[in-house]
Amino acid sequence: MLFFLGLSVTAQNQHAHHDSIKNLEEVTVKNATKKKIETEMKMAVSVDEFLSSSENISFIKRGAYAWEPLLNNMSTERSTVTIDGMHVFGACTDKMDPITSYVESNNLAAIDIKSGQEGSLHGSTIAGSIDLKRKSTPFGLQKKWNGAYQTGFEFNNKQFFNLGNISYSGTKFVADGSISYRTADNYSDGNNNEVKHSQYNKFNTSLGLAYKTSDLSSVRLDAIFDVAKDVGYPALPMDLWLSRALITSASYKQLFEEGLVRVVDTKIYFNAIEHYMDDTTRPENLVHMDMPGWSTTYGLVSKANLRKNNYSSEIQLNAYDNLSIAEMRMYPQDRSERTMFAYSWPWVTTRFAGLSMNNSWELSEKSTVNLGGSLGVNYNYSKYIEFNWIFHPGAPQEKTRFLPSLNASYQLNVDQFNFSVGTGYGHRAPSVSEGYGYYIYNSFDRYDYIGDPNLKNEISYEGNASAGFTSERLSIQGKINYFYIDNYIIGKILSLGSPMNYQSVGVKGYTSLDYATLLNMSANVSYDILEHLHWKGTLTYARGMDNKGGNLPFIRPLSYLTSLHYMYKNFGIQTSVNGDFEQINYSPEYGEDLTAAYAIWNISANYSFTINKVRSTIQIGAENLLNEYYSTYADWGNIPRMGRNIFTSLKLNF
Ligand SMILES: [Cu+2]
């Protein structure tokens, strides 16, 4: 630990890449080693489990399903989450449905995570971007048909899953298809108590078809359909009855053999999400509320890649139109009569258009300079503005904002060392809830939240740096970033207004703090002890403060992960220990209490074999082997996490 601590402290004066691309499966043909969407410990993972293996992602968990990804310890309002560059917006006012819940691990090829303003290519952001990249098989592979099937069972919550995907690669025509189903019961915590309302059921299917229109051009159609049914959120006062998403796109790609412009890829897209919550399964609720939500988005994303000598550039045009609607209908317990109706999202339209550019110059073989920037226009319209007028009389029905962004970085590689240093500046517009939300109940601090259409843009000033060393057996990497955020948006208690929900204790309005600051640090070490025995360690630290020196909520305390991996012929075994230290810097103002330290021990073993050209792997393992009872700093309402979980899985590749 001391070794780690030393590293993270020295990391402050060093630097490196602040972005990380997690390759889930080979995207380029030259990449011989197939990396897949799997973690060190587990080969069959959910998208959430895969994302959690990235050191700059943490999660707010409201149960076993659809974790909310925090990038650089910032909530989803501050990052852009896209699917192949497409903007998709959840339809739940309670954040039950982050975008990551609408894909499945067997239709993704990679997840591209960019930190801070480097992520501004996909639209305005503060924390960075998470782009979920779908599988897209290249034309003319030697092996025309490829497929995989995964199945598994996890004992703690009786999770059973079946995932299948298949692809065809012809010279003119390509198809990718996937289908999956997961079902899970309630899980049990470390005291072997059942955590009620933690079940889930998810069905996901996707199809992609591409046709080569000439030697250098192709058209592609893509669709994802996802249904989640009867999903429990033990940390919330209500569950999900049904959520459905249809995500579609059509794109045209043109390659150029000569000249400055090398690729132009233009896509139009449409996605629709519907979300129906259900609180009738909770007998403790005296009054029932139906809270359905809808989110519909049309958009265009067009990108061009430029290259000339040592200069390369990416230009991206993003445009979308989103309509977010959420209703609140209250019934007495016998449901005979509706007593109240309100729009918690009063038909809010968001239109965005932005042009982004990232330029890179290779000054020499050793050093590279990157300069990027974007300018976006964000327009909001609230159809039923009278709901917003209750707390903000006379607030404008329409609002237009300009969202500029700039970033610069320098990378240097000298022998076995690498360094980077960068800076960024960017604006973001308030989210639909922050700007126009009406009585959105937050069960964490038990306040109803009210949006403010007049909120100022959040403005981020950012610095980042990294340093690393790589030798044949040892690799060390340290990263640090710091954000100074003007007009930081957060909920503050309002003296006017009374709570609508009988569980809530008051009303909070989204307001801007003068500023807030955030520091993130991480250190990674990997060492090959023997040819087939590898050790890895990660340490992360973050600190977030408001303008009065108070703590920001949901900031991860000092955390660590250490793992050992051993291979012998077709046999592999791996074990890891991870945990958080005590959350000293918690925020009572935002409903947090002190979360104790915990440590979790995991172990797994796998065996690979081939039958009739089918490459197969079986795996068995245990998470939380010692059945520790714990909850983390970001477990909504301190719900306990899963106790010991034995998992088994089988994967076939053909
Ligand atoms: Cu919901």
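Residues numbered from 1 in each chain as written. Predicted model: local features only at pLDDT ≥ 70, side-chain atom pairs only at ≥ 80, totals over all residues. Heavy atoms only, no water.

**Structural notes on the overall build of the chain**
Right, on to step 1. When helices and strands are tallied, the chain shows 4 helices and 34 strands.
Right, on to step 2. Along the longest, intermediate and shortest principal axes, the C-alpha atoms of the chain span 65 × 60 × 50 Å.
Right, on to step 3. Relative to its full complement of 654 residues, the chain shows a buried share of 56%.
Right, on to step 4. Taking all contacts inside the chain whose residues are at least 6 apart in sequence as the whole, residues at least 24 apart take part in 66%.
Right, on to step 5. Only carbon and sulfur atoms are counted for the fraction: they give 58% of the accessible area of the chain, which is about 27,600 Å².
Right, on to step 6. When the 57 basic and 65 acidic side-chain charges of the chain are each reduced to a single mean position, those positions are 6 Å apart. (Helix = DSSP H or I, 4+ residues; strand = E, 2+ residues; numbered from the N terminus. Buried < 20%, exposed > 50% of the residue type's maximum accessible area, 1.4 Å probe, protein only. Contact = heavy atoms within 4.5 Å. Areas by Shrake-Rupley, 256 points an atom, 1.4 Å probe, with all protein chains shown as cover. Lys, Arg positive; Asp, Glu negative; His and termini not counted. Charge placed at Lys NZ, Arg CZ, Asp CG, Glu CD.)

**Comments concerning the coordination of the copper ion**
Right, on to step 1. Coordination of the copper ion by the protein involves Cys92 (SG), Met96 (SD), His275 (NE2) and Met277 (SD), with metal-donor separations of 2.1 to 2.6 Å.
Right, on to step 2. One way to put it: the 4 donor atoms around the copper ion meet at angles of 94 to 121°, and that makes the site tetrahedral.
Right, on to step 3. Sequence spacing of the donor residues for the copper ion, all on one chain, is C-x3-M-x178-H-x1-M.
Right, on to step 4. The class for methionine 96 is buried, based on a relative accessible area of 1%. (Donors = N, O, S within 2.8 Å, 3.2 Å for Na, K, Ca; no water. Tetrahedral: all angles 85-135°; square planar, octahedral: opposite > 155°, others 65-115°.)

**What about the pattern of salt bridges?**
Right, on to step 1. One pass over the structure, following the stated rule, counts 25 salt bridges.
Right, on to step 2. Glutamate 49 is the partner of lysine 42 in a salt bridge, and the nearest nitrogen-oxygen pair spans 2.7 Å.
Right, on to step 3. Residue lysine 479 pairs with glutamate 55 through a salt bridge whose shortest N-O separation is 3.2 Å. In this pair, lysine 479 is assigned in strand S25 (residues 474-486) and glutamate 55 in the loop between helix H2 (47-51) and strand S2 (57-60), connecting sequence segments 424 residues apart.
Right, on to step 4. Each of the salt bridges in this network shares a partner with another, and the network as a whole consists of Asp84, Arg134, Asp176, Arg220 and Asp222. (Salt bridge = Lys/Arg side-chain N within 4 Å of Asp/Glu carboxyl O.)

**Topic: the side chain of aspartate 452**
Right, on to step 1. For aspartate 452, the position within the fold is in the loop between strand S23 (447-450) and strand S24 (458-470).
Right, on to step 2. Although aspartate 452 is buried, it forms no salt bridge, and the closest oppositely charged side chain is arginine 401 at an N-O distance of 7.4 Å.
Right, on to step 3. A polar atom in the side chain of aspartate 452 sits 2.8 Å from the backbone nitrogen of asparagine 454.
Right, on to step 4. With near-sequence residues (within four places) excluded, aspartate 452 lies in contact with His392, Glu434, Gly435 and Tyr510. (Polar contact = N/O pair within 3.5 Å; in protein donor to acceptor, adjacent residues only side chain to side chain.)

**Looking at the packing of aromatic side chains**
Right, on to step 1. What the rule picks out here adds up to 30 aromatic pairs.
Right, on to step 2. When the ring of phenylalanine 59 is compared with that of tryptophan 67, the centres are 5.5 Å apart and the planes differ by 65°; the resulting orientation is edge-to-face. Exposure class is identical for phenylalanine 59 and tryptophan 67. Each is buried.
Right, on to step 3. Ring plane angle 10° and centroid distance 6.4 Å describe the contact between phenylalanine 417 and phenylalanine 419, whose orientation is recorded as stacked. (Phe/Tyr/Trp six-rings, centres within 6.5 Å; stacked < 30°, edge-to-face > 60°.)

**Digging into the sheet that holds S23**
Right, on to step 1. Across the sheet, 4 strands lie side by side as S22-S23-S27-S26; this open sheet has mixed pairing. A strand with exactly one partner marks an edge of an open sheet, and here the two such strands are strand S22 (440-442) and strand S26 (489-493). In this sheet, adjacent strand axes meet at a mean angle of 40° when their direction is disregarded.
Right, on to step 2. Two elements, S26 and strand S27 (residues 506-512), share 5 bridges in a ladder whose sense is antiparallel. Its bridge partner lying in S27, glycine 491 is registered against tyrosine 510. (Pairing = 2+ DSSP bridges. Axes fitted to C-alpha atoms, helices over the stretch in contact; angles between N-to-C directions.)

**Observations regarding the nonpolar core**
Right, on to step 1. In terms of nonpolar packing, the biggest core is built from 46 residues, with Ile83, Ile111, Ile130 and Leu132 touching the most fellow members.
Right, on to step 2. The next biggest cluster of nonpolar side chains, apart from the first, holds 40 residues, and it includes Tyr65, Val231, Ala634 and Ile639. (Core = buried A, V, L, I, M, F, W, Y, C linked by side-chain atoms within 4.5 Å.)

**So, the environment of aspartate 230**
Right, on to step 1. With respect to the helices, strands and loops of the structure, aspartate 230 is situated in strand S12 (residues 217-231).
Right, on to step 2. The class for aspartate 230 is partly exposed, based on a relative accessible area of 42%.
Right, on to step 3. Taking the C-alpha atoms as reference, aspartate 230 lies 26 Å from glutamate 77; in sequence the two are 153 residues apart.
Right, on to step 4. Engagement of the side chain of aspartate 230 in a polar contact is seen with the side chain of glutamine 199, the distance being 2.9 Å.

**What about the pairing of strand S33 (residues 614-623)?**
Right, on to step 1. In the sheet, strand S32 (residues 598-611) pairs with S33 via 9 bridges, with the strands oriented antiparallel. Residue pairing across strands places isoleucine 603 opposite alanine 622, the latter belonging to S33.
Right, on to step 2. Relative to strand S34 (residues 645-653), S33 runs antiparallel, the two sharing 9 bridges. Looking at S34, one finds that arginine 615 is bridged to asparagine 653.

**A closer look at unusual backbone geometry**
Right, on to step 1. We note that asparagine 192 has phi near 60°; this positive angle belongs to a residue other than glycine.
Right, on to step 2. For asparagine 192, the location among the structural elements is in the loop between strand S10 (173-184) and strand S11 (200-214).
Right, on to step 3. Within the chain, aspartate 230 stands out as a residue other than glycine whose phi angle is a positive 50°.

**A short note on the environment of valine 301**
Right, on to step 1. Along the polypeptide, valine 301 turns up in strand S16 (residues 293-308).
Right, on to step 2. With a relative accessible area of 6%, valine 301 lands in the buried category.
Right, on to step 3. Separated by 179 residues in the primary sequence, valine 301 and histidine 122 place their C-alpha atoms 8.7 Å from one another.
Right, on to step 4. Residue contacts for valine 301: discarding those within four places in its chain leaves Gly85, Asp265, Thr266, Lys267, Tyr269, Gln316, Leu317 and Asn318.

**Concerning the environment of glutamate 194**
Right, on to step 1. Within the fold, glutamate 194 resides in the loop between S10 and S11.
Right, on to step 2. Residues within four places of glutamate 194 in sequence aside, it is in contact with Asn186, Tyr187 and Ser188.
Right, on to step 3. A polar contact is formed between the side chain of glutamate 194 and the side chain of asparagine 186, at a distance of 2.7 Å.

**Let's talk about a nonpolar patch on the surface**
Right, on to step 1. A surface patch of nonpolar side chains, amounting to about 610 Å² of accessible area, comprises Phe173, Leu207, Leu209, Tyr211, Val219, Leu221 and Tyr252.
Right, on to step 2. Every element with two or more residues in the nonpolar patch is listed here: S11 and S12.
Right, on to step 3. Ranked by residue count, the leading element in the nonpolar patch is S11, at 3 residues.
Right, on to step 4. As for its position among the elements, leucine 207 is in strand S11. (Patch = residues over 30% accessible without salt bridge, like charges linked within 9 Å, V, L, I, M, F, W, Y side chains within 5 Å.)

**Quick word on the confidence of the model for the chain**
Right, on to step 1. When the pLDDT values of the chain are averaged, the result is 90; 93% of them are 70 or greater.
Right, on to step 2. In this model residues 1-34 is a low-confidence stretch, pLDDT under 50, and it forms 90 contacts with partners more than four residues away in sequence or in other chains. (pLDDT = per-residue confidence, 0-100.)

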